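# Chains, contacts and geometry: an overview
Chain residues, written in single-letter form:
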Amino acid sequence: MHRNWRVGLVFCCGALLHAQLSEKPETWTRVEGQYVADSNRETVLFLMAQVQAAQVDPTPGRKLHPEVGEAMDIAYQALGTANWNVASRLLARVLAVYRNQPPGEWLEVASSLQFTVDKRIAAPGSTLHARLEPGFVLGRPLKSAYRVQAVMLDAQGKTVVERPAETLQSLEPVEFTLRTSGLAEGAYRVRYQLLDSEGQVRATALRDVMLSASLEKRIGALGALGRKLAAAGVALKSPAHALAVQTVQYMGNLYDQALDGPGPGFGNRLTPVAATLADPRLPNYATDPINPARDLPMAEWMAEDLLAGNSPLAVKKGDIRLAYLSTQDQSMLPFRLFVPPNYDAAKKWPLLVVLHDAGGDEGSYFERYPAQDGSSQLLKLAAERGYVVAAPSGRGPMEYYLNASRTDVLNVVDTVKAAFSIEEKQVFLAGHGIGAGGVMSVPMGEPSRFAALVAVGGQPLEALDFSKAPDVPMLYIQGGADEVFGTLEARRLAFVLQRRYKQFDYIEIPASDHAASGVASLTPGFDFLDAVRAGKWKPSGKPIPLPSYPRN
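The model shown is predicted, which means the values in this text are computed figures rather than measured ones. (Residues numbered from 1 in each chain as written. Predicted model: local features only at pLDDT ≥ 70, side-chain atom pairs only at ≥ 80, totals over all residues. Heavy atoms only, no water.)

### Brief notes about the overall build of the protein
Our working definition: By definition, any uninterrupted DSSP run of H or I lasting at least four residues is a helix, any uninterrupted run of E lasting at least two residues is a strand, and each is numbered from the N terminus. We take the radius of gyration over the C-alpha atoms and set the globule estimate at 2.2 Å times the residue count to the 0.38 power. Only protein chains enter the accessibility calculation, which uses a 1.4 Å probe; a residue is then buried when its area is under 20% of its type maximum, exposed when over 50%, and partly exposed in between. It only takes one pair of heavy atoms within 4.5 Å for two residues to be counted as in contact. Here the Shrake-Rupley method, with its probe set to 1.4 Å, supplies the accessible areas, and only the displayed protein chains count as covering residues.
The helix and strand inventory of the protein stands at 16 helices and 19 strands. Taking 552 residues into account, the globule formula puts the C-alpha radius of gyration at 24 Å, and the protein, at 25 Å, falls close to it. Its C-alpha atoms put the protein at 80 × 70 × 40 Å along the principal axes. Counting all 552 residues of the protein, 55% fall into the buried class. When contacts within the protein are restricted to residue pairs at least 6 apart in sequence, those whose partners lie at least 24 apart make up 72%. For the protein, the computed accessible surface area is about 23,900 Å², with 51% contributed by carbon and sulfur atoms.

### Examining the nonpolar core
Note the following rule: Nonpolar cores are built from buried Ala, Val, Leu, Ile, Met, Phe, Trp, Tyr and Cys residues. Side-chain atoms within 4.5 Å join them into one set.
Ranked by internal contacts, the top residues of the largest apolar core, which has 146 residues, are Val-416, Phe-420 and Tyr-476. When residues in this core are grouped by element, the largest group, 11 residues, is from helix H6 (residues 239-260). Those residues in contact with Tyr-476, other than ones at most four positions away along the chain, are Met-440, Ala-455, Gly-457, Gly-458, Phe-485, Ala-490, Leu-493, Leu-497, Phe-504, Asp-505, Tyr-506 and Ile-507. One finds Phe-366, Val-389, Ala-430 and Leu-475 within the second-largest nonpolar core, a separate group that totals 31 residues.

### Remarks on the pattern of salt bridges
Test applied: Each reported salt bridge corresponds to a side-chain nitrogen of Lys or Arg within 4 Å of a carboxyl oxygen of Asp or Glu.
Under the defined criterion, the tally for this structure stands at 26 salt bridges. With its nearest N and O atoms 3.3 Å apart, the salt bridge here joins Asp-196 to Arg-202. Exposure class is identical for Asp-196 and Arg-202. Each is buried. Across the pair Arg-385 and Asp-530 runs a salt bridge, and its minimum N-O distance is 2.7 Å. Taken together, the positions of Arg-385 in helix H11 (residues 377-385) and Asp-530 in helix H16 (residues 522-533) put the pair 145 residues apart, joining distant regions of the chain.

### As for the pairing of strand E12 (residues 318-325)
Cut-off, in case you're wondering: At least two DSSP bridges between two strands are needed for those strands to be called paired.
Of all the 8 residues making up E12, 6 are buried; the element is thus mostly covered by neighbouring parts of the structure. Relative to strand E13 (residues 332-339), E12 runs antiparallel, the two being bridged by 8 bridges. Across the sheet, the residue bridging to Ala-323 is Pro-334, located in E13.

### Regarding the sheet that holds strand E18 (residues 474-479)
Let me state the cut-off plainly: Where helices are involved, their axes are fitted lines through C-alpha atoms of the stretch in contact, as for all axes, and angles between N-to-C directions lie from 0 to 180°.
Across the sheet, which stays open at both edges, the 8 strands sit in the order E12-E13-E15-E14-E16-E17-E18-E19 with mixed pairing between neighbours. What marks the edges here is a single partner per strand, and that holds for E12 and strand E19 (504-509). Sheet twist, expressed as the average angle between the axes of neighbouring strands with direction ignored, equals 20°. One ladder, built from 6 bridges, connects strand E14 (residues 349-355) with strand E16 (residues 422-432); its direction is parallel. Counterpart to Trp-349 in the pairing with E16 is Ile-422. The strands touched by helix H14 (residues 487-500) are E18 and E19; relative to E19, the strand with the most contacts, the crossing angle is about 165°.

### Observations concerning the packing of helix H5 (residues 215-232) against helix H9 (residues 292-307)
The condition that has to hold: Helix crossings are classified by the rotation of the near helix relative to the far one: an anticlockwise turn of less than a right angle makes the crossing left-handed, while a clockwise turn makes it right-handed.
For the pair H5 and H9, interaxial distance at closest approach is 10 Å and the crossing angle is 35°. At the point where H5 passes H9, the crossing takes the left-handed sense. Within the contact between the two elements, H5 uses Leu-215, Arg-218, Ile-219, Leu-222, Leu-225, Lys-228 and Leu-229 and H9 uses Pro-292, Leu-296, Pro-297, Ala-299, Glu-300, Ala-303, Glu-304, Leu-306 and Leu-307.

### Topic: the packing of aromatic side chains
Stated precisely, the cut-off is as follows: Put simply, two rings from Phe, Tyr or Trp (the six-membered ring, in Trp's case) pair if the centres are within 6.5 Å, and we call them stacked under 30 degrees between planes, edge-to-face over 60, tilted for the rest. Geometrically, a charge over a ring is one whose NZ (Lys) or CZ (Arg) sits within 6 Å of the ring centre while staying within 35 degrees of the ring normal.
Using the criterion set out here, one finds 13 aromatic pairs in the structure. Both rings, one in Tyr-387 and one in Phe-526, keep their centres 5.1 Å apart while their planes meet at 75°; by these two values the pair is edge-to-face. Of this pair, Tyr-387 sits in the loop between H11 and strand E15 (388-392) while Phe-526 is found in helix H16, placing the two residues 139 residues apart along the sequence. In this pair, the class of Tyr-387 matches that of Phe-526, namely buried. Residues Phe-528 and Trp-537 carry aromatic rings whose centres are separated by 5.1 Å and whose planes lie at 85° to one another, so their mutual orientation is edge-to-face. Considered together, Phe-528 and Trp-537 belong to a single accessibility category, that of buried residues. Three or more aromatic residues link up through ring pairs in this structure, and these residues are Tyr-285, Tyr-365 and Tyr-369. The positively charged end of Arg-533 is found above the aromatic ring belonging to Tyr-387, 5.0 Å away from the centroid.

Right under this line is the structure:
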């Protein structure tokens with residue numbers, strides 16, 4: 001594996017350029033070394049979200065060191081100038097303090113080393129190459145002894161390929177060779193661990209790998225079908241044909257990337273330091289974009305049906321994974337679509353667009369909001385109530401529906417309306433967490449796009465000009481025990497929204513944390529949309545339950 005490294009000067013705090021980080025709080029804002037690669041932007045935003053969640057309900061009686069606040073100030077200054085390198089290091093230190101792991105040299109090592117595996121899909125018996133590469137170097141030997149190790153685990157977590165740990169004396173690239181001879185086809189994981197001088201695991205990361213003897217041939221054939229469809233001009237027949245062709249081409253490219261590289265997926269891109277410091281109690285909304293048993297039969301069927309002169313989307317119902325060609329940059333972007341079982345193109349149908357939370361993707365609402373029987377609560381309700389549902393990717397798990405991510409949402413709406421029979425005046429927008437912020441920001445200046453809005457447990461991350469907000473009904477739902485976006489903050493936000501939207505209501509679900517409120521909000525959300533569609537919805541008129549303060 002080769003990479004062209006770009007060397008840049010370190011961000012420095014006055015005369016503290018070469019001061020070494022230690023477990024002493026007075027060193028926590030000091031930065032040293034040289035950057036040799038850019039920090040992963042998604043990881044920086046993930047760390048920021050983790051810090052914000054940790055601040056919602058800090059441990060009672062905890063008094064954080066003043067240096068934590070100073071580090072946060074420097075991190076936000078760095079974010080303001082898009083200095084992702086400095087922001088990532090300072091945010092990791094703040095998060096480590098919240099995790100009761102005082103920052104020291106171990107955190108510098110964990111923050112610098114990035115871990116990749118060269119293939120997501122490989123044939124049994126092939127050799128995999130895992131690699132550690134530093135994001136920054138310190139220009140000196142490490143003060144303590146560290147070891148790094150990569151092993152391969154089977155689906156049950158049992159080690160099936162093991163290599164001796166490598167000693168790390170400085171921040172430098174390390175490559176691990178993992179031979180898969182003798183392993184059966186199936187799903188595996190490559191695990192990286194950073195160990196300190198006492199053998200304590202300081203950082204860990206997992207990367208998914210699939211061994212298959214047949215997938216490479218199928219993926220190659222799917223790519224050939226995509227090229228054949230393009231040459232035949234099938235996409236020109238109708239918007240539905242174009243969407244199906246683009247989906248086939250997207251799947252071919254997606255799986256081809258998995259043969260030649262680490263492949264997509266937020267979980268597989270998250271850096272070791274972020275994965276290690278992440279709070280396991282917080283919900284995980286990321287889904288795996290690589291699922292051959294789900295994707296390849298669908299894409300192959302679509303391609304063959306298109307070449308036979310048919311329109312596969314004219315007959316396909318249920319949960320469908322699709323992709324469209326962006327007019328912004330000509331990239332292929334995925335989205336999920338649910339078509340109810342009784343869908344009939346002879347009549348018009350309501351469309352609900354759902355925006356995922358932080359760390360999520362187009363599959364989050366479809367796979368991470370379970371009903372009591374384990375099925376998708378969203379799809380269960382959409383089938384019962386008769387809604388088409390679209391879930392955009394939003395340009396990534398941490399893009400907050402701003403700029404290109406905002407346009408992606410609008411493009412998905414246009415794409416679905418062109419290919420399916422949608423009632424123009426019954427397009428609705430809902431979102432959870434950062435998706436709730438998108439519910440507020442996306443419709444700005446788009447008065448005719450959406451007929452009603454549902455926001456759950458989140459806020460916009462930019463100043464909004466509410467004079468551009470559409471005059472449509474809006475429902476805000478909050479979990480009473482939300483550990484990510486605090487209930488008091490939600491009430492204050494609702495108090496503001498009530499004065500910005502003429503038709504507004506606020507619902508609080510007692511004892512629901514962030515994840516639970518996402519699921520619990522679906523039924524009242526659909527009730528609200530049904531009432532809006534029937535012309536029967538009216539705000540309750542209940543005041544927002546803000547705290548009262550004694551008057552002097």
